[in-house]
Amino acid sequence: MHRCLISMKCKYCGKNFRAKNVIFCSKKCDTYYSSELERKNNSKSVRVTLNMDRDISISLRAIQSNLIQNANGHISFSQVVNLVL
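Since this is a predicted model, take the numbers as computed values, not measurements.

### Remarks on the overall build of the protein chain
Counting its regular elements, the protein chain contains 3 helices and 2 strands. Written out in order from the N terminus, the α and β elements of the protein chain read β-β-α-α-α. The buried share among the 85 residues of the protein chain stands at 13%. When contacts within the protein chain are restricted to residue pairs at least 6 apart in sequence, long-range pairs at least 24 apart make up 11% of them.

Set out below in structure tokens:
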């Protein structure tokens, strides 16, 4: 019997993988997606679009880089902007 494996794209990280009836490439992505979705659903934040100077953006990305190196989890650019603000 031949099992049909379809090339899928992970709902969290976007990585292509071959699987049957799953939407995440790993349990880790499923956990990250679930916790991020819960955080977004429980937050009282609003989506805002803004423009910023390149120097400010570079400084914020440097802060994000340092936080990522010292943390075990995901640190988004939005989290860094919220921390600095």
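### Here's the deal with the pattern of salt bridges
Under the counting rule described, the total for this entry stands at 1 salt bridge. Two residues, aspartate 30 and lysine 27, come together in a salt bridge whose shortest N-O distance is 3.7 Å. Of this pair, aspartate 30 and lysine 27 both sit in helix 1 (residues 27-42), 3 residues apart, roughly one helical turn. By relative accessible area, which is 63% here, lysine 27 ends up exposed.

### As for the environment of tyrosine 33
In this fold, tyrosine 33 is placed in helix 1. The class of tyrosine 33 is partly exposed, set by a relative accessible area of 23%. With residues up to four places along the chain from it excluded, the contact list for tyrosine 33 reads Lys11, Tyr12 and Phe24.

### Overview of the confidence of the model for the protein chain
Here the protein chain shows a mean pLDDT of 80. Residues at 70 or above account for 89%. Confidence, expressed as mean pLDDT per element, reaches its minimum in the protein chain at strand 1 (residues 6-9) with 73 and its maximum at helix 2 (residues 54-70) with 91.

Parameters at a glance
Residues numbered from 1 in each chain as written. Predicted model: local features only at pLDDT ≥ 70, side-chain atom pairs only at ≥ 80, totals over all residues. Heavy atoms only, no water. Helix = DSSP H or I, 4+ residues; strand = E, 2+ residues; numbered from the N terminus. Buried < 20%, exposed > 50% of the residue type's maximum accessible area, 1.4 Å probe, protein only. Contact = heavy atoms within 4.5 Å. Salt bridge = Lys/Arg side-chain N within 4 Å of Asp/Glu carboxyl O. pLDDT = per-residue confidence, 0-100.

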